[in-house]
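# Structural characterization, general
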Amino acid sequence: MPELPEVETVRRDLEKVLVGKKITAVEILDKKIVGGKPAVFVSAVNGKKIVGVERRGKLLAFKLSSGEYLLAHLKMTGQLICVSLSLRAKRGNLIAGGHQVGKNDLTVPNKFTRVIFAFSPPARGGARGGGSVGGTLYFNDLRRFGYLKVVSAEEKETIFKNNFGIEPLTPDFKLSAFTKIFRNRKTNLKAILMNQKLISGLGNIYVDEACFNAGLLPWRSAKSLKPPEIKKLFSCIQKVIAVAIKNRGTTFKDFRDGAGGRGAHYNFLNVYGRKGEKCRKCKNFIKKTKHAGRGTHFCPKCQR
DNA sequence: GTGTTTGTTATCAA
DNA sequence: CTTGATAACAAACA
């Protein structure tokens, strides 16, 4: 499911393609996704340009020329897939047309398409990216947990500040700050790493992977962790996220990048989804239990 | 029909 | 107020 590496992959893809372009039409096929008031949503985004694409944890924020932000959360099965106008023209499709993306194994729009945006090219001679063509952006979401929402710049700052803990891959992600999130806490390692208000961006896949790489059992209590173990975990989190981004994220089933392609990191997972398979390190069998209400994968020999 | 999958939030308890 | 644990949400699949 989309965690930090997947959302960052989408952010980078869409930043390249959408910055400088103007939203010229919006089609809402499922009003639940935009909060139930289609007209309000449409008037907030229609005619606005995308001037930047930000991310905090798993939340995307498209900065609009109005100064407002279009927030997008993919939750579990959300996808943001952009198709260029030239491709659309080539295949002779309009906004409701159909064409294949992501190595031809996915068609957009499809029955899980919830919102469609049409974009016009940037003004001629404009310096900012996006190339010279417009395009269409599809928000797909099989399970309809994801959402799109327009907020003011102030609201966006408040949301970023109040709902997200330390952000991996930024200068704020320091060992001292990381160590603090374990202090005076009575819960276990997995629950802490899953808590977005303490550390942003990790989900079930990368929590299990980071714990394996650090050699720590996910149900270890916070207070049982020794400073060297916290330090190891700290560096493993950064490493696992960086490698996963390099591989463009993990596609288990639903995740797609900004062009509809799959992420390649699935092939490099050590424990997640590998129950019953051999540990890549010690050749023992990977086991699975439940912790913090989530499936938890681990190697009984490599993790203590 | 049952259980499982997960990101986030609501709810309740301490 | 904070913290923690659990259920609920949604839809598909084995």
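All values derive from a computational prediction rather than experimental measurement.

Attention now goes to the layout of surface pockets. Of the volumes computed, that of the largest pocket is approximately 550 Å³. Taken together, 24 residues line the largest pocket, and the ones lying closest to its centre are Met1, Met76, Met194, Asn204 and Arg294. When residues in the lining of the largest pocket are grouped by element, the largest group, 3 residues, is from strand E12 (residues 294–298). Partitioning the lining of the largest pocket into residue classes produces 9 nonpolar, 8 polar and 7 charged. No fewer than three residues from each of domain 1 (4–162) and domain 2 (165–298) sit in the lining of the largest pocket. What the second largest pocket holds in volume is close to 230 Å³. Along the walls of the second largest pocket sit 13 residues, with Gln79, Leu106, Phe112, Lys253 and Asp254 positioned nearest its centre. Its residues placed into classes, the lining of the second largest pocket shows 4 nonpolar, 4 polar and 5 charged.

Turning to a positive patch on the surface, a few remarks are in order. A contiguous patch of positive charge on the surface is contributed by Lys275, Lys288, Lys290 and Arg294. Within the fold, Arg294 resides in strand E12.

With that settled, consider the side chain of Lys58. Its place among the elements puts Lys58 in the loop between strand E2 (50–56) and strand E3 (59–64). Of the side chains with opposite charge, Glu3 lies nearest to the buried Lys58, which makes no salt bridge, at 5.6 Å. There is a polar contact of 3.0 Å between the side chain of Lys58 and the backbone oxygen of Leu202. Apart from the residues within four sequence positions on either side, Lys58 is in contact with Pro2, Glu3, Leu4, Val7, Ala72, His73, Phe164, Gln196, Gly201, Leu202 and Gly203.

With that settled, the discussion passes to unusual backbone geometry. Geometrically, the link from Val108 to Pro109 is a cis peptide bond, its omega value of -10° lying close to zero. Among the secondary structure elements, Pro109 is positioned in the loop between strand E7 (106–108) and strand E8 (113–120). Residues other than glycine seldom take positive phi values, yet Asn184 does so here, at roughly 55°. Looking at the secondary structure, you find Asn184 in the loop between helix H5 (175–180) and helix H6 (189–194).

Let's shift gears to the UniProt feature "domain: FPG-type" (unreviewed entry) in chain A. Mapped onto this numbering, the UniProt entry annotates "domain: FPG-type" (unreviewed entry) at residues 270–304. With 0% helix and 29% strand, residues 270–304 has its two end C-alpha atoms placed 16 Å apart.

With that out of the way, let us pick up the nonpolar core. Counting residues in each nonpolar core, the largest one holds 32 residues, and the members touching the most others are Phe178, Phe182, Leu193, Ile199, Leu233 and Ile237. Those elements that provide at least two residues to this core are H6, helix H7 (204–214) and helix H8 (227–246). For this core, the leading source of residues is H8, giving 9 residues. Aside from chain neighbours lying at most four places away, what touches Phe182 is Leu189, Ile192, Leu193, Ala222, Leu225, Ile230 and Leu233. Membership of the second largest hydrophobic core comes to 28 residues, among which are Leu18, Val53, Leu70 and Leu74.

As a matter of local geometry, DNA strand C sits amid Phe112, Leu142, Arg143, Arg144, Phe145, Arg185, Lys186, Thr187 and Arg294. The separation between a phosphate oxygen of DNA strand C and a polar side-chain atom of Arg144 is 2.5 Å. Interatomic distance of 2.8 Å between a side-chain N/O atom of Thr187 and a phosphate oxygen of DNA strand C. The residue makeup of the surface near DNA strand C, split by class, is 3 nonpolar, 1 polar and 5 charged.

What follows deals with the environment of Ile116. Secondary-structure assignment places Ile116 in strand E8. Given a relative accessible area of 2%, Ile116 falls into the buried group.

One open sheet accounts for 4 strands, arranged E2-E3-E4-E10; its pairing is antiparallel. Two strands close off the open sheet at either side, each with one partner strand: E2 and strand E10 (147–151). Going across the sheet, the axis of each strand differs from the next one's by a mean of 20°, ignoring polarity. Sheet strands in contact with helix H2 (residues 38–45) are E3, strand E4 (69–73) and E10, and its direction is about 60° off that of E10.

How each quantity is defined
- Residues numbered from 1 in each chain as written.
- Chains lettered and ligands numbered in written order.
- Predicted model: local features only at pLDDT ≥ 70, side-chain atom pairs only at ≥ 80, totals over all residues.
- Heavy atoms only, no water.
- 1 Å grid on protein atoms, 1.4 Å probe; cavity = no way out; pocket = protein on both sides within 12 Å on 5 of 7 lines; lining within 4 Å.
- Points joined across faces, edges and corners; volume = space filled by probe spheres on them.
- Helix = DSSP H or I, 4+ residues; strand = E, 2+ residues; numbered from the N terminus.
- Nonpolar A, V, L, I, M, F, W, Y, C, P; charged D, E, K, R; others polar.
- Domains from an automatic or database assignment.
- Patch = residues over 30% accessible without salt bridge, like charges linked within 9 Å, V, L, I, M, F, W, Y side chains within 5 Å.
- Areas by Shrake-Rupley, 256 points an atom, 1.4 Å probe, with all protein chains shown as cover.
- Salt bridge = Lys/Arg side-chain N within 4 Å of Asp/Glu carboxyl O.
- Lys, Arg positive; Asp, Glu negative; His and termini not counted.
- Charge placed at Lys NZ, Arg CZ, Asp CG, Glu CD.
- Buried < 20%, exposed > 50% of the residue type's maximum accessible area, 1.4 Å probe, protein only.
- Polar contact = N/O pair within 3.5 Å; in protein donor to acceptor, adjacent residues only side chain to side chain.
- Contact = heavy atoms within 4.5 Å.
- UniProt positions renumbered as here; feature names shortened; annotations may be inferred.
- Core = buried A, V, L, I, M, F, W, Y, C linked by side-chain atoms within 4.5 Å.
- Near = heavy atom within 4 Å.
- Pairing = 2+ DSSP bridges.
- Axes fitted to C-alpha atoms, helices over the stretch in contact; angles between N-to-C directions.

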